[in-house]
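# Summary of structural features
One-letter residues, chain by chain:
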Amino acid sequence: MMINDESGLFEVDDLDSYIDKLMEKACIITIMEQDVLHGFLAYYANDYDNKVGFVSMVLTDPSTRRMGYGRRLVEFALKDLTLKGFKKCRTEVNADNTKALNALKRLNFIPVGRNDIYCVFEKQL
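Residues numbered from 1 in each chain as written. Predicted model: local features only at pLDDT ≥ 70, side-chain atom pairs only at ≥ 80, totals over all residues. Heavy atoms only, no water.

## A word on the side chain of Lys123
Turning to its location among the elements, Lys123 is positioned in strand β8 (residues 118-124). Although Lys123 is buried, it makes no salt bridge; Glu75 carries the closest opposite charge, 8.0 Å away. Within the structure, Lys123 has its side chain in polar contact with the backbone oxygen of Leu107 (distance 2.9 Å). For Lys123, the residues in contact, after removing those within four places along its chain, are Leu78, Lys87, Lys88, Cys89, Leu107, Asn108 and Phe109. (Helix = DSSP H or I, 4+ residues; strand = E, 2+ residues; numbered from the N terminus. Buried < 20%, exposed > 50% of the residue type's maximum accessible area, 1.4 Å probe, protein only. Lys, Arg positive; Asp, Glu negative; His and termini not counted. Salt bridge = Lys/Arg side-chain N within 4 Å of Asp/Glu carboxyl O. Polar contact = N/O pair within 3.5 Å; in protein donor to acceptor, adjacent residues only side chain to side chain. Contact = heavy atoms within 4.5 Å.)

## Topic: the nonpolar core
In this structure, Leu41, Tyr43 and Phe109 are the most contacted members of the largest nonpolar core, which totals 22 residues. It is helix α2 (residues 69-83) that contributes the most residues to this core, six residues altogether. Excluding its chain neighbours within four sequence positions, the residues that come into contact with Phe109 are Val74, Leu78, Cys89, Thr91, Leu104, Phe121, Glu122 and Lys123. Formed by seven residues, the second largest nonpolar core is a distinct cluster that contains Tyr18, Ala26, Phe40 and Tyr44. (Core = buried A, V, L, I, M, F, W, Y, C linked by side-chain atoms within 4.5 Å.)

## Some thoughts on the sheet that holds strand β7 (residues 110-114)
Read across the sheet, six strands follow the order β3-β4-β5-β6-β8-β7 without closing on themselves; strand pairing throughout is mixed. The sheet terminates laterally at β3 (27-33) and β7, the two strands that pair on one side only. Strand-to-strand, the axes of this sheet are offset by a mean angle of 25°, without reference to chain direction. The sheet contact formed by β3 and strand β4 (residues 36-44) spans seven bridges and is antiparallel. Its bridge partner lying in β4, Cys27 is registered against Tyr43. Across the sheet, α2 lies against β3, β4, β5 (52-60), β6 (88-94) and β8, angled at about 35° from β4, the strand it touches most. Running at roughly 160° to β6, helix α3 (residues 98-106) makes contact with β6 and β8 of the sheet. (Pairing = 2+ DSSP bridges. Axes fitted to C-alpha atoms, helices over the stretch in contact; angles between N-to-C directions.)

## As for unusual backbone geometry
You will see that Lys51, though not glycine, has its phi angle at about 55°, which is positive. Positive phi, close to 65°, is recorded for Asn108, a residue that is not glycine. Assignment of secondary structure puts Asn108 in the loop between α3 and β7.

## Observations concerning α2
For the α-helix, the turn length of 3.6 residues means that residues three or four positions removed from each other point alike. Helix length check: α2, at 15 residues, gives a terminal C-alpha distance of 21 Å against a target of 21 Å (1.5 Å per residue), a fit within 8%. Regarding α2, the residues found buried are Tyr69, Gly70, Leu73, Val74, Ala77, Leu78, Asp80 and Leu81. In this fold, the buried residues of α2 make contact with β3, β4, β5, β6 and β8. Looking at the residues trailing α2, positive phi occurs at Gly85, about 90°. (Expected span 1.5 Å × (residues − 1).)

Now the structure itself:
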């Protein structure tokens, strides 16, 4: 199954199990105003052995893009990871998602790997 959030395509084999995994293991941050969801971020802060967090998904409503919501969500997650003692944060982005690639570079993430579909980025905390 493919999910398109209008900034790129995402592959999800089983959406229900992915949502269950997020609900069970991920930290979730939202930006809401008057019961309207403007932004959503899911990240993992559970690899205490390697002290590496992972941003799994960032979504913003198309009507609120370019308002800094995505950046603020990521910055909040990075601060939380730092407070929890994590040393790095990683994420994977579709190689065709130029908006997300540029946003990660502005947030000082550096590319550390790539395959045919995804680019892997990392940031030292």
